[in-house]
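Take a look at the letters that make up each chain.
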Amino acid sequence: QVDAPALTMSSLGQEASHRFALPTSGSGGAVKQENFVLSTSGTDQVKGVMTLQGDALCQADVNLKMPRNNQLLHFAFREDKQWKLQQIQDARNHVNQAIYLLMNRDVNYQFKTGLEVLKLMDAVMLQLSRARNRLTTPATLTLPEIASSGLTKMFSPTLPPDILVNFFINLNKLCLTVYQLHVLQPSTTKNFKPAGGSVLHNPGAMFEFGSQRYEVSHVHKVECVVPWLNDALVFFTVSLQLCQQLKDKIAIFSSYWNYSPY
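Model, not experiment: these values are computed from the prediction.

1. Re the overall build of the chain
Thought 1: Of the regular secondary structure elements, the chain holds five helices and 10 strands.
Thought 2: Per-residue burial over the chain gives 39% buried out of 262 residues.
Thought 3: Across the chain, contacts joining residues at least 24 apart in sequence account for 66% of those joining residues at least 6 apart.
Thought 4: For the chain, the accessible surface area stands at approximately 14400 Å², while carbon and sulfur atoms represent 52% of it.

2. A few points about the side chain of Gln180
Thought 1: Structurally, Gln180 is set in strand S8 (residues 173-183).
Thought 2: For Gln180, a relative accessible area of 1% puts it in the buried group.
Thought 3: Within the structure, Gln180 has its side chain in polar contact with the side chain of His220 (distance 2.7 Å).

3. Describing the packing of helix H2 (residues 86-103) against helix H3 (residues 114-136)
Thought 1: Orientation of H2 relative to H3, taken along the N-to-C sense of each, is 165°, at an axis distance of 8 Å. When the axis of H2 is compared with that of H3, the two are roughly antiparallel. In terms of crossing hand, the pair formed by H2 and H3 is left-handed. Residues Gln86, Gln87, Ile88, Asp90, Ala91, His94, Val95, Gln97, Ala98, Leu101 and Leu102 of H2 form the contact with H3, whose participating residues are Leu120, Met121, Ala123, Val124, Gln127, Leu128, Arg130, Ala131, Arg134 and Leu135.
Thought 2: Of the residues that constitute the contact of H2 with H3, the class distribution is 13 nonpolar, five polar and three charged.

4. A word on H2
Thought 1: Compared with an ideal rise of 1.5 Å per residue, which puts 18 residues at 26 Å, H2 spans 26 Å between its outermost C-alpha atoms and is within 8% of the ideal.
Thought 2: Restricting attention to buried positions, one finds in H2 the residues Gln87, Ile88, Gln89, Ala91, Arg92, His94, Val95, Ala98 and Leu102.

5. A look at the pairing of strand S10 (residues 212-225)
Looking down a regular strand, the side chains alternate between one sheet face and the other.
Thought 1: Pairing geometry for S8 and S10, over 11 bridges, is antiparallel. The residue bridging Val178 from the neighbouring strand is His220, located in S10.
Thought 2: Direction of pairing for strand S9 (residues 206-209) relative to S10: antiparallel, over a ladder of four bridges. Bridging from a neighbouring strand, Phe207 pairs with Tyr214 of S10.
Thought 3: Hairpin remark: S9 followed by S10, antiparallel, with two residues in the connecting loop; positive phi at Gly210, about 65°.

6. What to know about the pattern of salt bridges
Thought 1: A full pass over the atoms with the stated rule returns eight salt bridges.
Thought 2: In this structure, Asp55 engages Lys84 in a salt bridge whose closest nitrogen and oxygen atoms are separated by 3.1 Å. Of this pair, Asp55 sits in the loop between strand S2 (43-53) and strand S3 (56-65) while Lys84 sits in strand S5 (residues 83-84), and the two are 29 residues apart along the sequence.
Thought 3: Judged by relative accessible area, which is 5%, Asp55 ranks as buried.
Thought 4: Across the pair Lys247 and Asp122 runs a salt bridge whose closest N-O atoms are separated by 2.6 Å.

7. What to know about the packing of aromatic side chains
Thought 1: For the structure on display, the rule yields four aromatic pairs.
Thought 2: Arranged with centres 6.2 Å apart and planes meeting at 80°, the rings of Phe77 and Phe167 form a pair that is edge-to-face. Separated by 90 residues along the polypeptide, Phe77 in strand S4 (residues 72-77) and Phe167 in strand S7 (residues 163-170) bring together distant segments of the chain.
Thought 3: For Phe167, a relative accessible area of 5% corresponds to the buried category.
Thought 4: Cluster of aromatic residues (ring-pair linked, three or more members): Phe77, Phe155 and Phe167.

8. Remarks on the confidence of the model for the chain
Thought 1: Averaged over every residue, the pLDDT of the chain is 82; residues scoring 70 or more account for 83%.
Thought 2: The secondary structure element of the chain with the lowest average pLDDT is helix H1 (residues 6-19), at 59, and the one with the highest is helix H4 (residues 143-147), at 94.

9. Overview of the pairing of S7
Thought 1: The buried fraction of S7 amounts to seven of the eight residues, a majority that puts the element mostly inside the structure.
Thought 2: Pairing of S7 with S8, which is carried by eight bridges, proceeds in the antiparallel orientation. For Ile163, the partnering residue across the bridge sits in S8 and is Gln180.
Thought 3: From the end of S7 to the start of S8, which pair antiparallel, there are two residues, and Leu171 there has a positive phi angle of about 60°.

10. With respect to the environment of Phe236
Thought 1: Take Phe236: it is sitting in helix H5 (residues 227-258).
Thought 2: Residues Phe236 and Ala131, 105 residues apart in the sequence, show an inter-C-alpha distance of 8.1 Å.

Reading the values: rules and limits
- Residues numbered from 1 in each chain as written.
- Predicted model: local features only at pLDDT ≥ 70, side-chain atom pairs only at ≥ 80, totals over all residues.
- Heavy atoms only, no water.
- Helix = DSSP H or I, 4+ residues; strand = E, 2+ residues; numbered from the N terminus.
- Buried < 20%, exposed > 50% of the residue type's maximum accessible area, 1.4 Å probe, protein only.
- Contact = heavy atoms within 4.5 Å.
- Areas by Shrake-Rupley, 256 points an atom, 1.4 Å probe, with all protein chains shown as cover.
- Polar contact = N/O pair within 3.5 Å; in protein donor to acceptor, adjacent residues only side chain to side chain.
- Axes fitted to C-alpha atoms, helices over the stretch in contact; angles between N-to-C directions.
- Parallel < 35°, antiparallel > 145°, perpendicular 65-115°, else oblique.
- Left-handed = near helix turned anticlockwise from the far one by under 90°.
- Nonpolar A, V, L, I, M, F, W, Y, C, P; charged D, E, K, R; others polar.
- Expected span 1.5 Å × (residues − 1).
- Pairing = 2+ DSSP bridges.
- Salt bridge = Lys/Arg side-chain N within 4 Å of Asp/Glu carboxyl O.
- Phe/Tyr/Trp six-rings, centres within 6.5 Å; stacked < 30°, edge-to-face > 60°.
- pLDDT = per-residue confidence, 0-100.

In structure tokens:
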């Protein structure tokens, strides 16, 4: 028999629940609200104050200074709306699956073979890697996908047709991107080439939405660090290292056990 790697299992489970501090629904205890100021050094074109509650943006206030005329526009979430950050939700689901794999056995269970432990570690590492990737790799979206997103309908007053916004997580940061557009007239001499999917579209990117063609004229990105997301990324790194160390020990033990000089 192979002794159950109880210490590693327990450590991973405890770290997951502490570092990735997002209670699942129905676990009791509401997730606290946190306010963040989104800005970038050297410019005041866009400023935002966001309220994050777990995996949901429950409030957002955005001030945008239009470069054409320095007009100041203000948008805020409607009171009846909140925006789920799918990246955080997905990462939490993968973490919960990793915890389930680790803890779903009797406390006195003993593993029969090293291969059984290796398979478990592979399964846990897959879930942890997927969770980390959801935070480190924002989704690539086309501009029409951003334009048709439910996010555009959450603001009061409503966003003008020449403004697009997108929220996403990048590593330990909450990011807000604001795109200012101008309409491409049918008589324009520009060659229309629609942009593909991207995390961040650059000025000059073109797209068609409805019956109108647009070009991105200005792009503003503001962001802020979310401390517990940084803790989550540290947890993923440490946990994956623990799993790999256990796999290495099992591999060494197995090679020694199977060694024969004859």
